[in-house]
Amino acid sequence: DAGVIQSPRHEVTEMGQEVTLRCKPISGHNSLFWYRQTMMRGLELLIYFNNNVPIDDSGMPEDRFSAKMPNASFSTLKIQPSEPRDSAVYFCASSPPSPLRGYTFGSGTRLTVV
Amino acid sequence: GESVGLHLPTLSVQEGDNSIINCAYSNSASDYFIWYKQESGKGPQFIIDIRSNMDKRQGQRVTVLLNKTVKHLSLQIAATQPGDSAVYFCAEIETGGSYIPTFGRGTSLIVHP
């Protein structure tokens, strides 16, 4: 099992550019979560999907952020336009239908907006 | 080891010592708790969990204690090793609710050889 796979591992972009982060959940997991981690705020839940359907996006900071899950094996988090304050590590996690213990994080994407 | 303000609490120990990392949770309805370890450049990884019907659970070199009365959780690491250096997070889950973990701010553990 390759675990939750995120790409890219690092992204440096200029302010105003569009950024797309990608996630492949563990096969068989039906829930997917996007988190943002900063020193100031810790781990923040941005949005989560259940069976490819967005359930709660109340954590998405602004309309500049959007997330999609077109199928069970792929999700994207897009920031357009990006701003320096979006610099953070973005984690994707997935969990199976019985989520206890099965909640698994990817290795994250470190985003730097200059 | 509790979170204060915006700064990440830090615990420094010598190799071989026992470490205790503390966590205060907020939701009295939470009935499942997990400790995660996050090493530099990696995502949080599951260490040990405990249900609210228990007050102690032991794993390999780790023990989690739960005090529901004061909503407090602790992680004890025996014979701490340099490889234990990481940020440790507790997470609380209300299994009768959304099943979404709520994470604490984390404690940085530094083990000196």
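That block above? That's the structure.
All residue numbers refer to position in the chain's written sequence, counted from 1. Each chain is given a letter, starting from A, and each ligand a number, starting from 1, according to the order in which they appear as written. In keeping with the model being predicted, local features are shown solely for residues with a pLDDT of at least 70 and side-chain atom pairs are shown and tallied solely at 80 or more, while totals for entire chains, interfaces and linings include all residues. Side-chain descriptors were evaluated using all non-hydrogen atoms of the structure, hydrogens and water having been removed beforehand.

Colleague: What exactly am I supposed to notice about the state of the cysteines here?
Modeller: Two cysteines, two sulfur atoms, one covalent bond between them: this is a disulfide. All names here are of chain A. Defined by distance alone, a disulfide is two cysteine sulfur atoms within 2.5 Å. Under the criterion given, the structure shown has two disulfides over all chains. The disulfide bridge from Cys 23 ends at Cys 92, spanning 1.9 Å between sulfur atoms. The sign of the -70 degrees torsion about the S-S bond sets the Cys 23-Cys 92 disulfide as left-handed. Of this pair, Cys 23 sits in strand β3 (residues 19–24) while Cys 92 sits in strand β9 (residues 88–95), and the two are 69 residues apart along the sequence. Summary of the burial criterion: residues with accessible area below 20% of their type's maximum are buried, those above 50% are exposed, and those between are partly exposed, where the area comes from a 1.4 Å probe applied to protein chains only. Judged by relative accessible area, which is 0%, Cys 92 ranks as buried. The way it works is that DSSP assigns letters per residue, a run of H or I at least four long becomes a helix, a run of E at least two long becomes a strand, and they are numbered from the N terminus.

Colleague: Please clarify how the sheet that holds strand β8 (residues 74–79) of chain A should be interpreted in this entry.
Modeller: Sheet strands pair by backbone hydrogen bonding; their relative direction is either parallel or antiparallel. Residue and element names in this part refer to chain A. Here, strands pair whenever DSSP counts at least two bridges between them. Here we have four strands laid out as an open sheet, ordered β1-β3-β8-β7, and antiparallel in their pairing. Since the sheet does not close on itself, it has two edges, and those belong to β1 (5–7) and β7 (65–71), each with one partner. Recorded for the sheet is a direction-independent mean angle of 15 degrees between the axes of neighbouring strands. Relative to β8, β3 runs antiparallel, the two sharing five bridges. Opposite Leu 21, over in β8, you have Leu 77 as the bridge partner. Where helices are involved, their axes are fitted lines through C-alpha atoms of the stretch in contact, as for all axes, and angles between N-to-C directions lie from 0 to 180°.

Colleague: What exactly am I supposed to notice about the pattern of salt bridges here?
Modeller: As a working rule, side chains carrying opposite charge can pair if their charged atoms are close by. Residue and element names in this part refer to chain A. Within this document, salt bridges are pairs made up of a side-chain nitrogen of Lys or Arg and a carboxyl oxygen of Asp or Glu, the two lying within 4 Å of each other. Counted according to the given criterion, the structure contains eleven salt bridges over all chains. The salt bridge involving Glu 44 is made with Arg 41; its shortest N-O contact spans 3.9 Å. Note on Glu 44: relative accessible area 18%, which makes it buried. With a closest N to O distance of 2.6 Å, Arg 85 and Glu 83 form a salt bridge. Since its relative accessible area comes to 54%, Arg 85 is described here as exposed. Through salt bridges with shared partners, a single network forms among Glu 62, Arg 64, Glu 83, Arg 85 and Asp 86.

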